[in-house]
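Coordinate inspection notes
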Amino acid sequence: MIFLFQDTDLVPSDIAAGLTLLHQEQDKVDLSRDPDEVVSQSPSHSGVDDLDVELDKAAHYMQFAAAAYGWPLYVYSNPLTGLCKLCGECCQNRRAQHDIVGGDHLNCHFGSILQTTGLQYRDFIHISFHNRIYEIPFFVALDHKTETILVAVRGTLSLEDVLTDLSADCENLHTDGVDGDCFSHKGICQAACYIYRRLINDGILNQAFTVAPEYKLVIVGHSLGAGTAAVLAVQLRSSFPTLKCYAFSPPGGLFSKALADYSKSFIISIIVGKDLVPRLSLPNMDDLKNRILRMVVNCNRPKYQILLHGCWYELFGGSPDDFPTELDSRNMASLTQPLLAEQTIMVQKSSSYSTLTDGCPLDSPRYPHLFLPGKVIHITEDSRSGWLCLSDVKYRAQWSTEASFSSIYISPRMLTDHMPDIVLGALRSLCQERGGCGPCQTPQHDLPTNRF
C-alpha cells in the first residue's frame, strides 16, 4: 500500500486515516443502497435453477481447489487432528513417491490431498509440486462422482507464486474466434502456458482420457490458481469444447474485455463477500490512491480523532462517522487546504496532489482495463449470529457483473473472505440451507464449514 503514495507527501498515518474515512463512506453508501440493486443487475439468461446447479457443483469442486494447497491448508483447517491423520497417510503411501513430481519427501502434500478430496490413490493421474516463478503446482485426477477429469491448480503459497502474481503486465493471448484485443495478466498467462505444455506435450491429458474416455474435462483453482485455471481453459477450449472451469476468488485484472466476454460460456467465477483479490487490478489501485487523496484533502478534522473513531468502528461497529467525504459538494478552494489540517505535512507539492487541484479527471485510466473471467457468482453474508469464531453465518448468492468489482472495498474482511476455507464453508452452507443434492453432499471430514 505504501508504495502507491511514493510520489506524494503522505505519511503512513495519513494513509491509515484515508482508509478509515473511505471504509466508513463505503459503508454509508451500502446502508443507503437498495438491497435488490445487485440482484436486478443479474444476467437475464441465468435463472435461479441454473444458479443452484452451479452452486452445488462449485461446492464439490472447491474441495479440489483447496486440496491443491497441500498440507499447510489442511493442518491450518484441522489444527487438532490434521497432523495425526497426515502421519497415517504418509506412512501408508510412501511407495507412491515415484509418481509425484517435485518436493514431497514425506508424502505430506499427497496425504492431505487424499484426506481432503476423499479420492483413492489410483484416481490420480499426475501430481506436480514443482514450484518456480511462472511454474506452479497442480494435479490431475479422476472424479468418478461427477464423471470428470479434474485439473486442480494451486493458489499462492510461496515467494515464487508472489512474484508470479506481481508480473502484472499484459501479454497477448491469441484465441481463435474472438474478435477484439486478446491479452491477459502476464505472470498468470505464463503459469498457464507451463501447465498447458505439461498436460499436452507430456501426454498427461491423453493418459487421463485413455483411462476414462467418456469423462469431461473440468479445471479448478483458487486465487492465483483460479486465474491460471481460467487462462488454461481458454487455451484448451478449442481442443475440448465441453470443458468447464470453476475459478474461486480469481484475480480481477485477468482478461481483456473480449476474452472476458468469450469466457462466459464455460467459466464460472465464485467470489465471497468483500474479497480484495477479485477487485485488485492496476486501474483499481490507481483509483484507490486517488480516492484516499481526495478523502484526506477534503477533511479538516484532527487525524487522531479519525484514527480513534476508526479503531472503535472496526472493533465494535456502530454508525459510520459523519466526517466530510468526497461526496460532499465543495468548492475548489477547499482542495488547497492542508492534509488533515496539519501544515507540516505538505513539505513539497507532489504531482498526485496537483492532479486534485488542477481538475484532472480521476477516472482517466493509465493502465489497460482487465476483467474477471466468465460469469460471476457473488456470495454475501445474509445474517450473522453469535460472536467471532463461534458465529453462525447465513449466506445468499446471486449472479453479478463486472461493475460490482470495479473498485476496491475497504473492510476487515477483505482478506479473510479470500481464504479458501472460508470460500468452501460459504458454498457448503448455501448447499445445506437449500438441502442441496448431488455432488455437494460430500464427507465433511476435510475442511471446516466456518472459521470466522
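In what follows, the accompanying structure is described. Bear in mind that the values here come from a model prediction, so they are computed numbers and not experimental data.

To continue, consider the overall build of the protein. When helices and strands are counted, the protein shows 15 helices and 11 strands. A separation threshold of at least 6 residues defines the contact pool for the protein, and within that pool the share at least 24 residues apart is 74%. Entry remark: accessible area of the protein is about 20200 Å², with carbon and sulfur atoms responsible for 56%.

Inspection of the secondary structure assignment puts Phe129 in the loop between β2 (124-128) and β3 (138-143). Taking the C-alpha atoms as reference points, Phe129 and Phe139, 10 residues apart in sequence, are found 8.4 Å from one another.

Turning next to unusual backbone geometry. For residues other than glycine, phi is negative in most cases, and the peptide bonds are mostly trans. A positive phi angle, near 60 degrees, is found at Ser223, a position not held by glycine. With respect to the element layout, Ser223 can be found in the loop between β7 (216-222) and α10 (224-236). For Ser249, which is not a glycine, the phi torsion comes out positive at approximately 55 degrees. Within the secondary structure, Ser249 is located in the loop between β8 (244-248) and α11 (257-262).

As a further point, take the nonpolar core. One finds Leu199, Leu217 and Phe255 to be the most contacted residues of the largest nonpolar core, which totals 44 residues. Of all the elements in the fold, those that place two or more residues in this core are β3, β4 (148-153), α8 (186-201), α9 (204-211), β7, α10 and α11. Sort the elements by how many residues they give to this core and α10 lands first, with 8 residues. Among the nonpolar cores identified, the runner-up in size contains 43 residues, and Tyr61, Ile113, Phe139 and Ala141 belong to it.

Another point: the packing of aromatic side chains. A complete count under the given rule lists 6 aromatic pairs for this structure. Aromatic side chains Tyr61 and Tyr246 sit 5.1 Å apart centroid to centroid with 40 degrees between the ring planes, which places their arrangement in the tilted category. Of this pair, Tyr61 sits in helix α3 (residues 48-67) while Tyr246 is found in strand β8, placing the two residues 185 residues apart along the sequence. Between Phe209 and Phe240 the ring centres are 5.3 Å apart and the planes differ by 15 degrees, which places this aromatic pair in the stacked class. On the criterion of sequence distance, the pair formed by Phe209 in helix α9 and Phe240 in the loop between α10 and β8 is long-range, its members being 31 residues apart.

For the rest of this paragraph, the subject is the pattern of salt bridges. Counted by the stated rule, this structure contains 9 salt bridges. Where Glu402 meets Lys264, a salt bridge forms, and the shortest distance between an N and an O atom there is 2.8 Å. With Glu402 in the loop between β11 (392-400) and α15 (420-433) and Lys264 in the loop between α11 and β9 (267-272), this residue pair connects regions lying 138 residues apart in the sequence. Judged by relative accessible area, which is 19%, Glu402 ranks as buried. You can call Lys264 partly exposed: its relative accessible area is 28%. Each of Glu381, Arg413 and Asp417 takes part in one network of salt bridges that share partners.

Before going further, it helps to spend a moment on the packing of helix α1 (residues 12-31) against helix α12 (residues 282-298). Following both chains from N to C, one finds α1 and α12 inclined at 95 degrees, their axes separated by 8 Å at the closest point. Relative to α12, the element α1 lies roughly perpendicular. On α12, the residues that touch Asp14, Ile15, Gly18, Leu19, Leu21, Leu22 and Glu25 of α1 are Leu288, Arg291, Ile292, Met295 and Val296.

Quick look at α8 now. One full turn of an α-helix is made of 3.6 residues, so residues set three or four places apart face in the same direction. End to end, α8 covers 22 Å across 16 residues, agreeing with the expected 22 Å (1.5 Å per residue, within 8%). Every buried residue of α8 is listed here: Gly187, Ile188, Cys189, Ala191, Ala192, Tyr194, Ile195, Arg198 and Leu199. Remark: Gly203 follows α8 within two positions and exhibits a positive phi of approximately 75 degrees.

Their axes nearest at 8 Å, the elements α8 and α10 cross at an angle of 55 degrees. Here α8 lies oblique to α10, going by the angle between them. In the packing of α8 onto α10, the handedness of the crossing is right-handed. From α8, Ile188, Cys189, Ala191, Ala192, Cys193, Ile195, Tyr196, Leu199 and Ile200 reach across to α10, where they touch Leu224, Gly227, Thr228, Val231, Leu232, Gln235 and Leu236. Its residues assigned to classes, the contact of α8 with α10 shows 13 nonpolar, 3 polar and no charged.

What counts, and at which threshold
Counting restarts for each chain, with residues numbered from 1 along the sequence as it is written. Reporting in this predicted model follows two pLDDT cut-offs: at least 70 for local features of residues, and 80 or more for side-chain atom pairs to be given and counted; totals over whole chains, interfaces and linings ignore these cut-offs and use all residues. In computing side-chain values, all of the structure's heavy atoms are included and hydrogens and water are not. Elements are defined by DSSP. Helices are runs of H or I of four residues or more, strands are runs of E of two residues or more, and each kind is numbered from the N terminus. The contact rule is simple, with two residues in contact once any of their heavy atoms fall within 4.5 Å. Accessible areas in this description were obtained via Shrake-Rupley with a 1.4 Å probe; residue shielding takes into account the shown protein chains only. Throughout, nonpolar core names a set of buried Ala, Val, Leu, Ile, Met, Phe, Trp, Tyr and Cys residues whose side chains join them through atoms within 4.5 Å. Partly exposed residues are those whose accessible area sits between 20% and 50% of the maximum for their type, while under 20% is buried and over 50% is exposed, using a 1.4 Å probe and protein chains only. Here a Phe, Tyr or Trp ring, Trp counted by its six-membered ring, pairs with any other such ring whose centre lies within 6.5 Å, and the pair is stacked when the planes are under 30 degrees apart, edge-to-face when over 60, and tilted otherwise. Salt bridge, as applied in this entry: a Lys or Arg side-chain nitrogen positioned within 4 Å of an Asp or Glu carboxyl oxygen. Orientation is described by axes fitted as lines to C-alpha atoms, over the contacting stretch for helices, and by angles from 0 to 180 degrees between their N-to-C directions. With respect to orientation, any angle under 35 degrees is reported as roughly parallel, any angle over 145 as roughly antiparallel, any angle of 65 to 115 as roughly perpendicular, and every other angle as oblique. What a helix is expected to span follows from its residue count: subtract one and scale by 1.5 Å. Should the near helix be turned anticlockwise from the far one by less than a right angle, the crossing is left-handed, and should it be turned clockwise, the crossing is right-handed. Polarity classes work like this: nonpolar for Ala, Val, Leu, Ile, Met, Phe, Trp, Tyr, Cys and Pro, charged for Asp, Glu, Lys and Arg, and polar for all others, with Gly in that last group.

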